[in-house]
Amino acid sequence: EDKVVQSPLSLVVHEGDTVTLNCSYEVTNFRSLLWYKQEKKAPTFLFMLTSSGIEKKSGRLSSILDKKELFSILNITATQTGDSAVYLCAVDPSGSARQLTFGSGTQLTVLP
Amino acid sequence: GAGVSQSPSNKVTEKGKDVELRCDPISGHTALYWYRQRLGQGLEFLIYFQGNSAPDKSGLPSDRFSAERTGESVSTLTIQRTQQEDSAVYLCASSSRLGSPLHFGNGTRLTVT
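The structure displayed is predicted, hence computed values, not measured ones.

Parameters and conventions
Residues numbered from 1 in each chain as written. Chains lettered and ligands numbered in written order. Predicted model: local features only at pLDDT ≥ 70, side-chain atom pairs only at ≥ 80, totals over all residues. Heavy atoms only, no water. Pairing = 2+ DSSP bridges. Helix = DSSP H or I, 4+ residues; strand = E, 2+ residues; numbered from the N terminus. Axes fitted to C-alpha atoms, helices over the stretch in contact; angles between N-to-C directions. Contact = heavy atoms within 4.5 Å. Buried area = accessible area lost by both parts, 1.4 Å probe. Salt bridge = Lys/Arg side-chain N within 4 Å of Asp/Glu carboxyl O. Polar contact = N/O pair within 3.5 Å; in protein donor to acceptor, adjacent residues only side chain to side chain. Nonpolar A, V, L, I, M, F, W, Y, C, P; charged D, E, K, R; others polar. Core = buried A, V, L, I, M, F, W, Y, C linked by side-chain atoms within 4.5 Å. Buried < 20%, exposed > 50% of the residue type's maximum accessible area, 1.4 Å probe, protein only.

*Asks:* Give a description of the sheet that holds strand β1 (residues 5–7) of chain B that names residues and reports values.
*Replies:* Residue and element names in this part refer to chain B. Taken in spatial order, the four strands line up as β1-β3-β7-β6 in an open sheet, and their pairing is antiparallel. The two strands at the open ends of the sheet, each matched to only one other strand, are β1 and β6 (65–69). Going across the sheet, the axis of each strand differs from the next one's by a mean of 15 degrees, ignoring polarity. Pairing of strand β3 (residues 19–24) with strand β7 (residues 75–79) involves five bridges; the strand directions are antiparallel. Bridging from a neighbouring strand, Glu20 pairs with Thr78 of β7.

*Asks:* An account of the interface of chain A and chain B is needed here, citing residue identities and associated values.
*Replies:* Each partner contributes residues to the interface: chain A has 18 residues there, and chain B has 24 residues. Taken over both partners, the interface formed by chain A and chain B buries close to 1700 Å², and the fraction arising from carbon and sulfur atoms is 55%. Inspection of the chain A/chain B interface yields zero salt bridges. Here chain A is connected to chain B by two residue pairs in polar contact (both at pLDDT 80 or more). Those elements that provide at least two residues to the side of chain A that touches chain B are β4 (32–38) and β5 (43–49) of chain A. Of the residues belonging to the side of chain A that touches chain B, the class tally is 10 nonpolar, six polar and two charged.

*Asks:* Could you give me a rundown of the nonpolar core, with the residues and numbers involved?
*Replies:* Grouped together as the largest cluster of nonpolar side chains are 21 residues, with contacts concentrated most on Leu33, Trp35, Leu46, Leu74, Tyr87 and Leu108 of chain A. Contact partners of Tyr87 of chain A, with chain neighbours within four places excluded, come to Gln6, Leu21, Tyr36, Lys37, Leu46, Leu74, Ile76, Gly105, Thr106 and Leu108 of chain A.

*Asks:* Summarise the pairing of strand β7 (residues 61–66) of chain A; cite the residues concerned and give the values.
*Replies:* Residue and element names in this part refer to chain A. Two strands pair when backbone bridges link them, and strand β6 (residues 56–58) and β7 are joined in this way by three bridges, in the antiparallel orientation. Across the sheet, the residue bridging to Ser58 is Leu61, located in β7. The loop that links β6 with its antiparallel partner β7 comprises two residues; one of these, Gly59, has a positive phi angle of about 65 degrees. Pairing analysis gives six bridges linking β7 to strand β8 (residues 71–76), with the strands arranged antiparallel. In the strand pairing of β8, Asp66 is matched with Phe71. Counting the residues that bridge the hairpin from β7 to β8 gives four residues, and of these Leu70 lies at a positive phi of roughly 60 degrees.

Following this line, the structure appears as structure tokens:
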């Protein structure tokens, strides 16, 4: 059975701190790994990673994939209260997003 | 609208009643997905529609769950004889093409009392 494990389950930091969120996976087939930010209800897309070692960056957020060690990290620098959310990691086995396997998420709380 | 639209946003129902949840995908998105998210848990895949192909129903947890989609438009997820364990947020997502990221709706929070 495919499995995606995220850590930590929750994290509380202060504004300005840097955080690293982890996602490890055990899947039969792998095509890509995706990160989503979930505030309230709707997850919003952050990154799609398909190749090892290539960092994807968007503002203060960045992510990298290690296909040999089967994990990805999401970094957020200079955190802001608006970064408070659940961050979800998902693995797509086929490239069609047909059956993404999601982790249970990391709840990030950024205090002022 | 510009995004995936789901209705209702909240639904409270009594155990044993049937409920119908609606999803309007982004116009032109051929793929549509339903997920369920129980409190504090990740998303569970329920069903996937791609164009006019037969849907992938492999994630539906029981025969009380069914979903329909007409062409590339609206989809409805129906839960018959609701049980308390059906309480969750039901999220719909669509994507424009194979391999492209999903765009999620705001979900329907279902509470079965």
